[in-house]
Amino acid sequence: MVSKPPSKSIFRPPGGVDQSFIHENRKLIERIDRRGILRGSLSLGALTLLGGCDPSENRNLQSVLRTVSDWNDGVQALIFRPNHLAPTYSVDQVVIPPRFNAHYDVEDVKPVSAGTWKLELSGLINDKRPWDAESVYKLPEQEMIIKHICVEGWDYIGQWSGVNLREFFARIGADISAKYVSFHCADGYTESLDMASALHPQTMLATKYAKQPIGDPFGFPLRLRTATKLGFKNAKWLTAIEVTNTFPDTYYRKEGFNWFAGI
Ligand SMILES: Nc1nc2c(c(=O)[nH]1)N[C@H]1C(S)=C(S)[C@@H](COP(=O)(O)O)O[C@H]1N2
Ligand SMILES: [Mo]
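For every chain, the first residue of the written sequence is number 1, and numbering continues from 1 along that sequence. Chains and ligands are labelled sequentially in the order written, the chains with letters from A and the ligands with numbers from 1. With pLDDT at 70 or above as the cut-off, local features in this predicted model cover only qualifying residues; side-chain atom pairs require 80 or more to be listed or tallied, and sums for whole chains, interfaces and linings still use all residues. As a convention, hydrogens and water are excluded, and side-chain values are obtained from all of the structure's heavy atoms.

### What to know about the pairing of strand 10 (residues 238-244)
- Note on classification: 1.4 Å probe, protein chains only; a residue is buried when its accessible area is under 20% of the maximum for its type, exposed when over 50%, partly exposed between these limits. A run of DSSP states H or I qualifies as a helix once it reaches four residues; a run of E qualifies as a strand once it reaches two. Both are numbered from the N-terminal end. Of all seven residues in strand 10, five are buried; the element is thus mostly enclosed.
- As paired strands, strand 5 (residues 180-185) and strand 10 are joined by six bridges and run antiparallel to one another. Within strand 10, the residue paired with Cys 185 across the bridge is Leu 238. Here the rule is simple: two strands pair whenever DSSP picks up at least two bridges between them.

What follows is the structure, given as structure tokens:
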């Protein structure tokens, strides 16, 4: 008999939903839900399982939700299939230009100059020499046509090319037994991946969109593109990569979003 992979909805409340708990906390729950914490394995009804905390204490509830979200990270990491490919699409479905998002408006994007740009490397990496744009653009490319899904409730299909991150790691002698990869961006944004996600065949350092160099609003000259993560994990305007065993906190996790953010 073929065993089924574990269902993502593992937090089913055993009984009915405690309406007064939901009622009292509806605003908070809806706000957090919109921000993505409850996406995936944790349903609204499952919150009734958190009966142990006093629901009138919002700070208490938030810290419980944080704990559940972090625990959810561990569950997602456990069920993550390292070589299972995310869906890909055809060239005629590609949206040009891509759809912009950041935690600020497109008018406030500060373009990165390719001439002075450097990618710094640190942590558990043998060859930490920084890379310039010319060298990065000469690396062998992979291409993927994948769906970008933003927690704000929109998506688009995009065609990305660039060096596969696992291949890049082999080139620089990164320790792939380390736990995390941390990304820093020119706009101060931070993101990080667990190593299994970083080594997934559809995770790349993207240099091109629809076969042209990525435009300024979309992360020129280099950004992360992965097919297995929500939009916010795909850090734009990369300036530094660190390989580490210490958990690197991220812009969106600090905002209350789930860190693993698998699709
Ligand atoms: N450096 C940086 N990267 C970022 C962001 C940001 O604000 N700064 N926003 C993230 C979010 S929320 C999304 S949905 C995607 C949008 O990527 P796109 O503009 O190429 O569609 O970038 C992600 N990467
Ligand atoms: Mo997003």
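### Some details on the environment of Ser 182
- With respect to the helices and strands, Ser 182 occurs in strand 5.
- For Ser 182, a relative accessible area of 4% gives the class buried.
- Ser 182 sits 64 residues away from Thr 246 along the chain, and the two C-alpha atoms are 9.7 Å apart.
- Contacts are assigned to residue pairs that have any heavy atoms within 4.5 Å of one another. Look past the residues within four positions of Ser 182 in its chain and what remains in contact with it is Glu 191, Ser 192, Ala 240, Ile 241, Glu 242 and Pro 248.
- Here a polar contact is recorded for every N or O atom pair within 3.5 Å, except that within protein the pair must consist of a potential hydrogen donor and a potential acceptor, and residues adjacent in sequence are included only if both atoms are side-chain atoms. Of note is the side chain of Ser 182, whose polar atom sits 3.4 Å from the side chain of His 184.

### Notes on the sheet that holds strand 5
- The sheet built from five strands is open, its strands ordered 2-1-10-5-6 with mixed pairing. Where the open sheet ends on each side, the last strands, each with one partner, are strand 2 (131-132) and strand 6 (190-194).

### A word on the site of ligand 1
- Neighbouring ligand 1 are 20 residues, the closest being Arg 99, Tyr 156, Asp 187, Arg 223 and Lys 236.
- At 2.8 Å from a nitrogen atom of ligand 1 is found a side-chain nitrogen or oxygen belonging to Asp 187.
- Within the side chain of Lys 236, an N or O atom sits 2.5 Å from an oxygen atom of ligand 1.
- Only the protein chains shown count as cover for residues, and all accessible areas are computed by the Shrake-Rupley method using a 1.4 Å probe. Across the complex, the protein chains shield 100% of the 540 Å² of accessible surface that ligand 1 would expose by itself.
- Applying the majority rule of atoms within 2 Å of the grid points places ligand 1 in the largest cavity.
- For the shell around ligand 1, a count of residues per class yields eleven nonpolar, five polar and four charged. Any residue with a heavy atom positioned within 4 Å of a molecule or strand is treated as near that molecule or strand. Cavities and pockets are found on a 1 Å grid laid over the protein atoms alone: a cavity is a set of points where a 1.4 Å probe fits but cannot escape, a pocket is an open set with protein on both sides within 12 Å along at least five of seven lines, and a lining residue has an atom within 4 Å of such a point. Placement in a cavity or pocket follows one criterion, namely that more than half of the molecule's atoms lie within 2 Å of its grid points. In this classification, the charged set is Asp, Glu, Lys and Arg, the nonpolar set is Ala, Val, Leu, Ile, Met, Phe, Trp, Tyr, Cys and Pro, and all remaining amino acids, among them Gly, are polar.

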